[in-house]
Amino acid sequence: MRFRRETAIALLAHGLALAPLLWLSQAVFAEALGADPVAELTRYSGQAAVIFLLLSLSARPLRMLTQWQWPLRLRRMLGLWAFTWASLHLLVYAVLDLGGYWPQLAEDLLKRPYITVGAIVWLLLLALAATSTKASVRRLGRHWKSLHRLVFVAAPLALAHAIWQEKTGLGDAVWQAPLLAVLLMTRWVAWIDGSRKQRSQ
Amino acid sequence: MKNGLRDVLQAETPEAVYMARRRYLKWLGIATASWSLSACAEQNDAVDIAAGTHVSVDSDPFTAEDPLTRFEDATSYNNFYEFGTGKSDPRRYASQLRTTPWEIEVSGMVEQPHTFSLTELLPVEERVERVYRLRCVEAWSMVIPWIGVPLANVIARCRPTSEARFVSFESLADPNQMPGVRSSALDWPYTEALRMDEAMHPLTLLATGMYRRDLPAQNGAPIRLVVPWKYGFKSIKSIKRIRFTREQPETTWNRMQPSEYGFYANVNPEVDHPRWSQRSERRLAGDGNRAFAPRVPTLPFNGYAAQVAGLYRDMDLRTWF
């Protein structure tokens, strides 16, 4: 019974995660993305990466709040979707947008702080995705946990990257930054709590 | 396939009108040819360029050879913060804009301050068609056929005194018609300005129409500036006030972020925006799938260097960006 419910949740989650990607691919060929589809694809893929990152970071707080098991079981998949969208974001920018203008791409990566930060976020997510397998968890032992705490660095940097390119205002970071702050605070409070208990024992 | 004026107009107009326009297009390249736009009379929004008026057509550089932007794209994707900061906000909300009656207040260093009606200031018989590249500071660009009057003609009609060295423009800023004005995204009213010699240059246009129709509200109806060698934010929309001054006036984006947006704002691939490169641009034009349209290199003065570089001969363009 329990197995069947969790399979259903996982399938549902995969379906929900896949839907925007399928919709976006058809929109490119149906020319349904307006006058500047490259800008729209860049925005959409970047936003999707941030949202999956926020979802993956919600798993532990949700577990603490509800005692449900399934959020933690979905966490790896949510993180991998964040990495997938971040990679699509990078591809749209490097190939569809700047394709052929390689010196300009190199210059962007080195000279424009917000693009440098974006590239760092992608490298961090790459490291996490590459070590997301069960075999890696075994091989890295206690280092695995420290390595994967890098997500607490990647997520704020991803939001900084998004805010930095806005001409005025904060864009969607208006709600994403406070949400991220709450998620990180929950972990921090739990961590302080945990270490205090440890000391008193 | 080259998406020229011909193809765009064909897509926009009935066959008979298209054939009439084809004859007209044959005359392109002949300086100041004339053609009756009476065929436009059936378009219910074509009030200004109505029956009997003539549009004279200048030769290159006033008519760029580049493939045109689709009418649909030029009227659905632009910045007009008075209607919101999103690129689709102008089309979504601009129908609330009332453009008739529309008067323009002329003041400052002029012989006699005066409030003009639109047709007083821009007589229909002076209206010309120009196909210009429009380069946004955000590194995308369009190619648009404008209808308008050279600003130099309009300035002559305003009769500035010899003391006037700059001319500034103010947009309408009415929160009742413009939802964006209720927010503080920018300091309202939007203000832009030109040095007098820039304003008098024959390329500088006050536009009242595009694609042979009246200017759609979202593109700055009923009257906007078009300065094709400068970044798009200089080309102020829905102008209500024109003022002549001795000192350089404050301008909206320059005041908001002086390190990123200069007073001159001449298109220059050598001077980057602090946060992004200006070396090349996404050209939103042509008739292929928009997602795979090729990027193009940005040209000094947006390709109008031969006409305007002389205006800045003794200036360091890195300092005066």
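Residues numbered from 1 in each chain as written. Chains lettered and ligands numbered in written order. Predicted model: local features only at pLDDT ≥ 70, side-chain atom pairs only at ≥ 80, totals over all residues.

Chemist: In this structure, what is going on with the overall build of chain A? I would like to understand it.
Modeler: Of regular secondary structure, chain A possesses nine helices and zero strands. Listed N to C, the secondary structure of chain A is α-α-α-α-α-α-α-α-α in terms of helices and strands. Its C-alpha atoms put chain A at 60 × 40 × 35 Å along the principal axes. Here chain A holds 201 residues, and the buried ones make up 26% of them. Within chain A, counting contacts between residues at least 6 apart in sequence, those at least 24 apart form 65% of the total. (Helix = DSSP H or I, 4+ residues; strand = E, 2+ residues; numbered from the N terminus. Buried ≥ 20, exposed ≤ 12 C-beta atoms within 10 Å, placed from the backbone. Contact = placed C-beta atoms within 7 Å.)

Chemist: Looking at this structure, I do not really get the interface of chain A and chain B. What am I missing?
Modeler: Note on interface size: it is often stated as the accessible area lost on association of the parts. Every contact between the two is made by 22 residues of chain A and, on the other side, 18 residues of chain B. Of the residues belonging to the side of chain A that touches chain B, the class tally is 11 nonpolar, five polar and six charged. (Nonpolar A, V, L, I, M, F, W, Y, C, P; charged D, E, K, R; others polar.)

Chemist: Please clarify how the packing of helix α2 (residues 37–66) of chain A against helix α9 (residues 173–200) of chain A should be interpreted in this entry.
Modeler: Relative placement of two packed helices is described by the angle separating their axes and the distance separating the axes. Residue and element names in this part refer to chain A. Remark: α2 packs on α9, axes separated minimally by 10 Å, with the N-to-C direction vectors making an angle of 35°. You can see that α2 and α9 cross each other, and the crossing is left-handed. Contacts between α2 and α9 involve Val50, Leu54, Leu57, Ser58, Arg60, Pro61 and Met64 from the first element and Gln176, Leu179, Leu180, Leu183, Thr186, Arg187 and Ala190 from the second. Among the residues making up the contact of α2 with α9, the classes are represented as nine nonpolar, three polar and two charged. (Axes fitted to C-alpha atoms, helices over the stretch in contact; angles between N-to-C directions. Left-handed = near helix turned anticlockwise from the far one by under 90°.)

Chemist: Any chance you could explain the sheet that holds strand β12 (residues 239–245) of chain B here in plain terms?
Modeler: Hydrogen bonds along the backbone pair up the strands of a sheet, which may run parallel or antiparallel. Residue and element names in this part refer to chain B. Spatial ordering of the open sheet is given by β4-β3-β12-β7-β8, a layout of five strands whose pairing is mixed. Strand pairing shows two members of the sheet lacking a second neighbour, β4 (114–117) and β8 (191–195), which therefore form its edges. Sheet twist, expressed as the mean angle between neighbouring strand axes with direction ignored, is 20°. Note: strand β7 (residues 166–171) against β8, five bridges, orientation antiparallel. (Pairing = 2+ DSSP bridges.)

Chemist: Any chance you could explain helix α8 (residues 151–164) of chain A here in plain terms?
Modeler: Because the α-helix completes a turn every 3.6 residues, residues three or four places apart line up on one side. Residues and elements named next belong to chain A. For α8, spanning 14 residues, the distance from its first C-alpha to its last is 20 Å, which sits close to the expected 20 Å at 1.5 Å a residue. Looking at α8, one finds that the buried residues are Ala154, Ala155, Ala158, Leu159, His161 and Ala162. In a view along the axis of α8, the buried residues occupy a sector of 155°, so they form one face of it. Packing partners of the buried residues in α8 comprise α2, α5 (113–130) and α9. (Expected span 1.5 Å × (residues − 1). Arc of directions from axis to C-beta.)

Chemist: How should I be thinking about the environment of Arg43 of chain A in this particular structure?
Modeler: Residue and element names in this part refer to chain A. With respect to the helices and strands, Arg43 occurs in helix α2. A tally of 18 C-beta atoms within 10 Å means that Arg43 is categorised as partly exposed. Here the alpha-carbon distance between Arg43 and Leu88, two residues 45 residues apart in the chain, equals 11 Å.

Chemist: Help me understand the pairing of strand β5 (residues 128–135) of chain B in this model?
Modeler: Working note: regular strand, side chains alternate between the two faces of the sheet. Burial analysis of β5 of chain B places seven of its eight residues in the buried class, which makes it a mostly covered element. Count of turn residues in the β5 of chain B/strand β6 (residues 140–150) of chain B antiparallel hairpin: four residues, of which Ala139 of chain B carries a positive phi of about 75°.

Chemist: Would you mind showing me how to read the environment of Pro300 of chain B here?
Modeler: Residues and elements named next belong to chain B. Turning to its location among the elements, Pro300 is positioned in the loop between β14 (295–297) and α9 (305–308). When the C-alpha positions of Pro300 and Val267 are compared, they lie 6.0 Å apart, and in sequence the two are 33 residues distant. With sequence-adjacent residues up to four places away left out, Pro300 is seen in contact with Asn268, Pro269 and Ala305.

Chemist: Explain the packing of α5 of chain A against α8 of chain A here, please?
Modeler: Residue and element names in this part refer to chain A. As a packed pair, α5 and α8 sit with axes 9 Å apart at the nearest point and diverge in direction by 150°. By the angle between their axes, α5 is roughly antiparallel relative to α8. The way α5 lies across α8 gives a crossing that is left-handed. Here Tyr114, Val117, Gly118, Ile120, Val121, Leu124, Leu125 and Leu128 of α5 come into contact with α8, specifically with Val151, Val153, Ala154, Leu157, Ala158, Ala160, His161 and Trp164. Considering only residue class, the contact of α5 with α8 consists of 14 nonpolar, two polar and no charged. (Parallel < 35°, antiparallel > 145°, perpendicular 65-115°, else oblique.)

Chemist: Got a minute to help me understand unusual backbone geometry in this structure?
Modeler: Note: most residues except glycine have negative phi, and most peptide bonds are trans. Residues and elements named next belong to chain B. At the junction of Trp188 and Pro189, the peptide bond is cis and its omega measures out at -5° in the coordinates. Along the chain, Pro189 turns up in the loop between β7 and β8. Within the chain, Ala139 stands out as a residue other than glycine whose phi angle is a positive 75°. Position of Ala139 among the secondary structure elements: in the loop between β5 and β6.

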